[in-house]
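Overview (structure and organization)
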Amino acid sequence: AIQFASFNQVTVDLWVQQSNYAEALETAEADKNSLMTWLLAGWQHPDNTLTPHYEQMRQLLTPGTAIVYWHLSADALTTFVLSFQKPEVVVVGQEGEEGERQNRERLRQVEELEAWVKTWNQDYQNYREQLKEKTVDPELSDHSWQRNLSSRLDHLRQILRLDRVEPHLAEIDHLILVPDRELHCFPLHALFHLTNQPTISYLPSLQVGLNLRHAPSLPSPPDRSLLCIENPKHTGLAPLPHAVVEAEFIRNRFHHTTSRRGKEATLDSLKAILQQSHHVLHFNGHASYDFDRPKQTSLALANDEVLT
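Report follows, based on the coordinates.

1. A few points about the sheet that holds strand 7 (residues 256–261)
- Taken in spatial order, the three strands line up as 7-6-8 in an open sheet, and their pairing is parallel. The sheet terminates laterally at strand 7 and strand 8 (280–284), the two strands that pair on one side only. Between one strand axis and the next, the sheet turns through 15° on average, direction left out of account.
- Pairing analysis gives five bridges linking strand 6 (residues 225–230) to strand 8, with the strands arranged parallel. Note on strand 8: the bridge partner recorded for Leu-227 is Leu-281.

Here it is, written out as structure tokens:
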């Protein structure tokens, strides 16, 4: 099954080369849903993966909604755009170029992204180590990780060719982003330059979005209850300078709030309080991701504990 997962990545690229964009998107989506099913449910039911056809995917679209969906293989970074106005899938960057030139461009895009991620991870790891050694002050932007953050995100915007994506997103009020692989780790919403400033949502797959359509509706915003986990005190991780202000700003938007701050934000406390009925969870703290063991990706809590 793992071998076929890799094979499916190549299949997506082949469908795109043949301009069968709906089939490419369906294959990419099936691959995502299979991997998530295996990861979350184990290997007991690998053949029972629920995944949508293109017409079912379009059920997530309303007149003001668009979807940007990425697929990353070893040879290509493909950006699909779905909108209510256009019945067909758009693949950004496929317009008006010959096939061989398109393939070279898509491969160069992958190489640029791999180099960017490598540099990002190395510099961030160096920053984390210096934080632990207290040789850098997180409130002073004196480390290259902080100094270069804006320019690096601008570079990522260029790699993702968002200037070619944005013309397809005019006059929308809701944008759904579906990242792939490493792209899940980065603030993609901050890279768009959209004058209409739509609400932006993330989904791990479109099937997850379809499942959420059947979730109970929430009360109006003022009547929703908020659980706020604020800046857990974790040894070796620097306090977040703006956590207090951010949490207070968000709490003021809710009538019913529950908070756990600093030393209070322990694993046992959080497990207990998550059993209660809250509509919104706001977490402001440190986190770490683990590509080799995704289930070990975690939020840092007090007492040097983590929530995976």
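Picking up where we left off.
2. Some details on the layout of surface pockets
- In this structure, the largest pocket occupies an estimated 1,400 Å³ of space.
- Forming the walls of the largest pocket are 38 residues, and the residues nearest its centre are Tyr-124, Trp-145, Gly-285, His-286 and Ala-287.
- When residues of the lining of the largest pocket are traced back to their parent elements, those giving at least two are helix 4 (99–132), helix 5 (144–147), helix 6 (149–159), helix 9 (243–251), strand 8, strand 9 (287–288) and strand 10 (298–300).
- Ranked by residues supplied to the lining of the largest pocket, first place goes to helix 4 with eight residues.
- Of the residues in the lining of the largest pocket, the class split is 21 nonpolar, 13 polar and four charged.

3. What about the packing of aromatic side chains?
- In the structure shown here, the tally under the stated rule is eight aromatic pairs.
- A ring pair is formed by Tyr-124 and Tyr-127, whose centres lie 6.4 Å apart and whose planes are at 40°; its orientation type is tilted. Of the two residues, Tyr-124 and Tyr-127 are both situated in helix 4; the distance of three residues between them amounts to about one turn of the helix.
- Given the relative accessible area of 24%, Tyr-124 is considered partly exposed.
- With a relative accessible area of 9%, Tyr-127 lands in the buried category.
- Note that Lys-32 overlies the ring of Tyr-69, its terminal NZ or CZ placed 5.3 Å from the centroid.

4. Section: the sheet that holds strand 2 (residues 77–83)
- Pairing in this open sheet of five strands is mixed, and the strands run 3-2-1-4-5 from one edge to the other. Either end of the sheet is taken by a strand with one partner, and the two such strands are strand 3 (90–91) and strand 5 (199–202).
- The sheet strands contacting helix 2 (residues 21–41) are strand 1 (65–72), strand 2, strand 3 and strand 4 (174–178), and the helix crosses strand 1 at an angle near 70°.

5. Structural notes on empty space enclosed by the protein
- Evaluated as defined, the whole model comprises one cavity of 30 Å³ or more.
- Its volume calculated, the largest cavity comes out at about 120 Å³.
- Lining the largest cavity are 14 residues; nearest its centre among them are Leu-77, Val-92, Gly-93, Gln-109 and Arg-164.
- Among the secondary structure elements, those contributing two or more residues to the lining of the largest cavity are strand 2, helix 4 and helix 7 (162–165).

What counts, and where the lines are drawn
Residues numbered from 1 in each chain as written. Predicted model: local features only at pLDDT ≥ 70, side-chain atom pairs only at ≥ 80, totals over all residues. Heavy atoms only, no water. Pairing = 2+ DSSP bridges. Helix = DSSP H or I, 4+ residues; strand = E, 2+ residues; numbered from the N terminus. Axes fitted to C-alpha atoms, helices over the stretch in contact; angles between N-to-C directions. 1 Å grid on protein atoms, 1.4 Å probe; cavity = no way out; pocket = protein on both sides within 12 Å on 5 of 7 lines; lining within 4 Å. Points joined across faces, edges and corners; volume = space filled by probe spheres on them. Nonpolar A, V, L, I, M, F, W, Y, C, P; charged D, E, K, R; others polar. Phe/Tyr/Trp six-rings, centres within 6.5 Å; stacked < 30°, edge-to-face > 60°. Buried < 20%, exposed > 50% of the residue type's maximum accessible area, 1.4 Å probe, protein only. Lys NZ or Arg CZ within 6 Å of the ring centre and 35° of its normal. Contact = heavy atoms within 4.5 Å.

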